[in-house]
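Observations on chain architecture
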Amino acid sequence: MAPKKQKAEFTVRTQQFQVNKLLNRKQFAVVINHPTWNGTVPKKKVIEKLTQLYKVPDQNQVSVFGMKTKFGGGKTVGFGFIYDDVASMKRIEPNYRLIRYGMSQLKRNTARKTLKEK
């Protein structure tokens, strides 16, 4: 008989919360407890929980990265930013993270060799 599947639940907590007015953001460490979840909790679900927790008007203002699952599972630690507006996020966040969130496009440059051959 197969074991009964439990509903996968997780809790999100923040630690070391600071307000960074120079960069128009709130920055913190994210602690996710997920004892019944197999694997790591998806970033989209963590971002959804953080937007509900801090009453952020747009999910595009939240950035979560650096997720590391503790040995044995059940707990994941990472970093997060909540920007005051989307414009400041686009200005400050690195381009590779903006591409991950679908807020920027990867610039496809022509190869150096083809430029020299022309």
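Everything numeric here is computed off the predicted structure, so don't read it as measured data. (Residues numbered from 1 in each chain as written. Predicted model: local features only at pLDDT ≥ 70, side-chain atom pairs only at ≥ 80, totals over all residues. Heavy atoms only, no water.)

**Considerations on the nonpolar core**
Burial of nonpolar side chains together is a common tendency in soluble globular proteins. Counting 15 residues, the largest nonpolar core has Val30, Ile32, Val46, Leu50, Val62 and Val64 as its most contacted members. Looking at this core, the elements with two or more residues in it are strand 2 (25-33), helix 1 (43-54) and strand 3 (62-69). The residues touching Val30, leaving out its near neighbours within four places in the chain, are Val12, Arg13, Val46, Leu50, Thr76, Val77, Gly78, Phe79 and Gly80. One finds Phe65, Phe81, Met89 and Met103 within the second-largest nonpolar core, a separate group that totals 6 residues. (Core = buried A, V, L, I, M, F, W, Y, C linked by side-chain atoms within 4.5 Å. Buried < 20%, exposed > 50% of the residue type's maximum accessible area, 1.4 Å probe, protein only. Helix = DSSP H or I, 4+ residues; strand = E, 2+ residues; numbered from the N terminus. Contact = heavy atoms within 4.5 Å.)

**Quick look at the pattern of salt bridges**
It is possible for side chains of opposite charge to pair when their charged atoms get near one another. On inspection of all chains with the given rule, the structure shows 2 salt bridges. A salt bridge links Asp84 to Lys26; its shortest N-O distance comes to 3.8 Å. Within this pair, whereas Asp84 is found in the loop between strand 4 (75-83) and helix 2 (86-92), its partner Lys26 is found in strand 2, the two being separated by 58 residues in sequence. The exposure class of Lys26 is partly exposed, given its relative accessible area of 28%. As a salt-bridge pair, Arg97 and Glu93 come within 3.0 Å of each other at their nearest N and O atoms. Each member of the pair, Arg97 as well as Glu93, carries the same accessibility label: buried. (Salt bridge = Lys/Arg side-chain N within 4 Å of Asp/Glu carboxyl O.)

**Let's talk about the side chain of Thr51**
Considering the arrangement of structural elements, one finds Thr51 in helix 1. If sequence neighbours within four positions are ignored, Thr51 has contacts with Val56, Asp58, Gln59 and Val62.

**A closer look at the layout of surface pockets**
The space that makes up the largest pocket amounts to roughly 240 Å³. Along its surface, the largest pocket is lined by Lys43, Lys44, Ile47, Glu48, Gln59, Asn60, Val62, Met89, Arg100, Tyr101, Gly102 and Met103. Looking at the lining of the largest pocket residue by residue, the class counts come to 5 nonpolar, 3 polar and 4 charged. (1 Å grid on protein atoms, 1.4 Å probe; cavity = no way out; pocket = protein on both sides within 12 Å on 5 of 7 lines; lining within 4 Å. Points joined across faces, edges and corners; volume = space filled by probe spheres on them. Nonpolar A, V, L, I, M, F, W, Y, C, P; charged D, E, K, R; others polar.)

**Digging into helix 1**
Here helix 1 spans 16 Å end to end across 12 residues, near enough to the 16 Å set by a 1.5 Å rise per residue. Taken together, the buried positions of helix 1 are Val46, Ile47, Leu50 and Thr51. Taken down its axis, helix 1 places every buried residue within 135° of arc, on the same side. More than 90 degrees from the buried face of helix 1, the exposed residues found are Lys44 and Gln52. Here the buried face of helix 1 lies against strand 1 (11-20), strand 2 and strand 3. A positive backbone phi angle near 50° is found at Lys55, which sits one or two residues after helix 1. (Expected span 1.5 Å × (residues − 1). Arc of directions from axis to C-beta.)

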